[in-house]
Amino acid sequence: MKKDQTLGEALRLKGISRRGFLKFCAATASMMALPPAMVPAIAEALEKARKPSVIWLSFQECTGCTESLTRSSTSTVEELIFDTISLDYHHTLQAASGTGAEDAREASMKENRGKYVLIVDGSIPISNPGYSTIAGISNEDMLMEAAEGAAAIVAIGSCAAFGGIPQARPNPTGAVSVSDLIKDKPIVNVPGCPPIPVVITGVLTHFLTFGLPELDHLGRPLAFYGNSIHDRCYRRPFYDKGLFAETFDDEGARKGWCLYKLGCKGPTTYNACATTKWNDGTSFPIEAGHPCLGCSEPDFWDAGSFYQALSTPTGDITRNTLYAAGAGVAAGAAIAAVNRKHRSSAEKRHEKVTIDDLEKESKS
Ligand code: FSX
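Cut-off values and rules
Residues numbered from 1 in each chain as written. Predicted model: local features only at pLDDT ≥ 70, side-chain atom pairs only at ≥ 80, totals over all residues. Heavy atoms only, no water. Helix = DSSP H or I, 4+ residues; strand = E, 2+ residues; numbered from the N terminus. Expected span 1.5 Å × (residues − 1). Buried < 20%, exposed > 50% of the residue type's maximum accessible area, 1.4 Å probe, protein only. Arc of directions from axis to C-beta. Contact = heavy atoms within 4.5 Å. Near = heavy atom within 4 Å. Polar contact = N/O pair within 3.5 Å; in protein donor to acceptor, adjacent residues only side chain to side chain. Nonpolar A, V, L, I, M, F, W, Y, C, P; charged D, E, K, R; others polar. Salt bridge = Lys/Arg side-chain N within 4 Å of Asp/Glu carboxyl O. Core = buried A, V, L, I, M, F, W, Y, C linked by side-chain atoms within 4.5 Å. Domains from an automatic or database assignment. Pairing = 2+ DSSP bridges. Axes fitted to C-alpha atoms, helices over the stretch in contact; angles between N-to-C directions. Parallel < 35°, antiparallel > 145°, perpendicular 65-115°, else oblique. Left-handed = near helix turned anticlockwise from the far one by under 90°.

(A) Seen up close, helix α6 (residues 98-111). For α6, which comprises 14 residues, the first-to-last C-alpha distance of 20 Å matches the rise-based estimate of 20 Å (1.5 Å per residue) to within 8%. For α6, the set of buried residues is Ala101, Glu102, Arg105, Ser108 and Met109. Looking down the long axis of α6, one finds its buried residues gathered within 125° of arc, a one-sided arrangement. Opposite the packed face of α6, turned more than 90 degrees from it, sit the exposed residues Thr99, Asp103, Lys110 and Glu111. The elements touched by buried residues of α6 are β1 (53-58), β2 (86-90), β3 (116-121), β5 (133-134), β6 (137-138) and α7 (139-148).

(B) Geometry of the site of the ligand. Contacts to the ligand come from 13 residues, most closely from Cys62, Cys65, Asp121, Cys159 and Cys193. At 3.2 Å, a backbone N or O of Thr63 approaches an oxygen atom of the ligand. In the model, an oxygen atom of the ligand is placed 2.8 Å from a nitrogen or oxygen of the Asp121 side chain. Residue composition of the shell around the ligand, grouped by class: five nonpolar, six polar and two charged.

(C) Broad picture of the pattern of salt bridges. Under the definition given, this model contains 14 salt bridges. Here Lys48 makes a salt bridge to Glu44, at a shortest N to O gap of 2.8 Å. Within this pair, Lys48 and its partner Glu44 are both found in helix α3 (residues 39-48), separated by four residues, close to a single helical turn. We classify Lys48 as exposed; its relative accessible area is 55%. Take Glu44: its relative accessible area is 45%, and that puts it in the partly exposed class. Its salt-bridge partner being Arg220, residue Glu297 comes within 2.8 Å of it at the nearest N-O pair. Here Glu297, found in the loop between α15 (273-276) and α16 (317-324), pairs with Arg220, found in the loop between α10 (197-210) and α11 (222-225); they are 77 residues apart in sequence, far enough to count as distant. Take Glu297 and Arg220: they sit in the same class, and that class is buried. One connected set of salt bridges, linked through shared partners, spans Glu102, Arg105, Glu106 and Glu145.

(D) Region of the structure containing the nonpolar core. Ranked by internal contacts, the top residues of the largest apolar core, which has 35 residues, are Ile119, Val190, Val199 and Ile286. Counting residues per element, the ones that place at least two in this core are β1, α4 (64-70), β3, β7 (150-156), β9 (187-190), α10, α11 and α15. Counting contributing residues, this core receives three or more from each of domain 1 (51-225) and domain 2 (229-313). Excluding residues that lie within four positions of it along the chain, Val190 makes contacts with Val154, Ala155, Ile156, Gly157, Pro195, Val199, Ile200, Val203 and Tyr225.

(E) Region of the structure containing the pairing of β3. Of all six residues that make up β3, six are buried, and the element is covered over most of its length. In β3, alternate side chains face the same way, and those of Tyr116, Leu118 and Val120 on one face and Val117, Ile119 and Asp121 on the other are all buried. Of the pairings in the sheet, the one linking β1 to β3 comprises five bridges and is parallel in character. Each residue of the ladder has a partner; that of Ser58, found in β3, is Asp121. Of the strand pairs in this sheet, β3 and β7 are connected by six bridges, and their pairing is parallel. The residue of β7 that forms the bridge with Val120 is Ala155.

(F) Looking closely at the pairing of β9. Burial along β9 is two-sided: the face carrying Ile187 and Asn189 and the face carrying Val188 and Val190 are both buried. Two strands pair when backbone bridges link them, and β7 and β9 are joined in this way by four bridges, in the parallel orientation. In the strand pairing of β9, Ile156 is matched with Val190.

(G) Region of the structure containing the environment of His290. Secondary-structure assignment places His290 in the loop between α15 and α16. Residue classification places His290 among the partly exposed positions, given a relative accessible area of 27%. In this structure, the C-alpha to C-alpha distance between His290 and Tyr307, residues 17 residues apart in sequence, is 9.6 Å. Discounting chain neighbours no more than four positions away, the residues touching His290 are Leu259, Pro285 and Tyr307.

(H) Spotlight on the packing of α6 against α7. In the contact formed by α6 and α7, the axes pass within 10 Å of each other and the chain directions differ by 30°. Viewed along their axes, α6 and α7 adopt a mutual orientation that is roughly parallel. The two elements α6 and α7 meet at a crossing, and its hand is left-handed. Contacts from Glu102, Arg105, Glu106 and Met109 of α6 reach α7 at Met142, Glu145 and Ala146. Class assignment for the residues of the contact of α6 with α7 results in three nonpolar, no polar and four charged.

(I) Summary view of the side chain of Ser108. Within the secondary structure, Ser108 sits in helix α6. Looking at Ser108, its side chain comes within polar contact range of the side chain of Asp88, at 2.8 Å. Leaving out residues up to four positions away in the same chain, Ser108 has contacts with Ser53, Ile55, Asp88 and Tyr116.

(J) Region of the structure containing α7. For α7, every residue scored as buried is listed here: Asn139, Met142, Leu143, Ala146 and Ala147. Each buried residue of α7 sits inside an arc of 125° when the element is viewed along its axis, so together they form one side.

Structure, rendered in structure tokens:
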């Protein structure tokens, strides 16, 4: 894609049909919790968008976030849109290495000053600058320099968003999150260990079309983190009826009952796993029979045993009190009420619109 080419032009050159494009816009609207009436506006904004420069820095992490993004089994319009950003620096994906790669980063920061999107994955060690360096530059120095000229920062993964596993007790490197260090730039947190690929591309798409998305109190886009896993879980009716698996091989487990008593953190975890799922919408951990670990919440690694039922879960006091009083139908209903307050516009994601409607609308 040429620098001055719009995204619409680039997608047409790649052979994406108008129908395929509108289908993607409809899915994007639904994913971003925007009403169907916004689809033509998304299509128009994407048509005209020019590729932004993106600088991606990886610090203390396992590369799971990049693996998540690149492990899509089929070629999708989301991937093509991701192709059409200018990924000017990503030390796992770039072809350049050594001084060539660092020169490209410096040149891109200079050329796109004030306009580039900075994506960060991994936490930043501040106990000793030598714990993690790239090209001899400490993670902290590289972050501060790159953040200064960025239009916005996206902290991908729980490590960048909240400190993640590197920050788990005893936190030997003094790991901190991006927002612990940067206070004067818009930061979007996209936690998860790793985050869902379509959530990463959804956030970038939102930025391309309408700028920064609406965020929750932890800086997460409400469109993806506005509901708890529990609220959208297909096993939820069993919870409401008090039907629980007690072990991994009992009758309840075989019948697909609720995993709450096996330690599921779904009630206190906000993410889109139960709706977007993983591996191109194939499944998610709870569907595979494993409790949610709560990986998109702060301190998930230290929050308690993964296999012990929540009794005093993290989260607001109302939920803690309810769980202390015992789980059941009444608690489930009350938790749902608490969660509803958290949701805001995310409710609108399930409104439906057909592709034929959109084609008609775009022609009129
Ligand atoms: Fe952390 Fe990501 Fe977990 Fe790993 O980059 S969120 S350890 S999946 O790789 O940062």
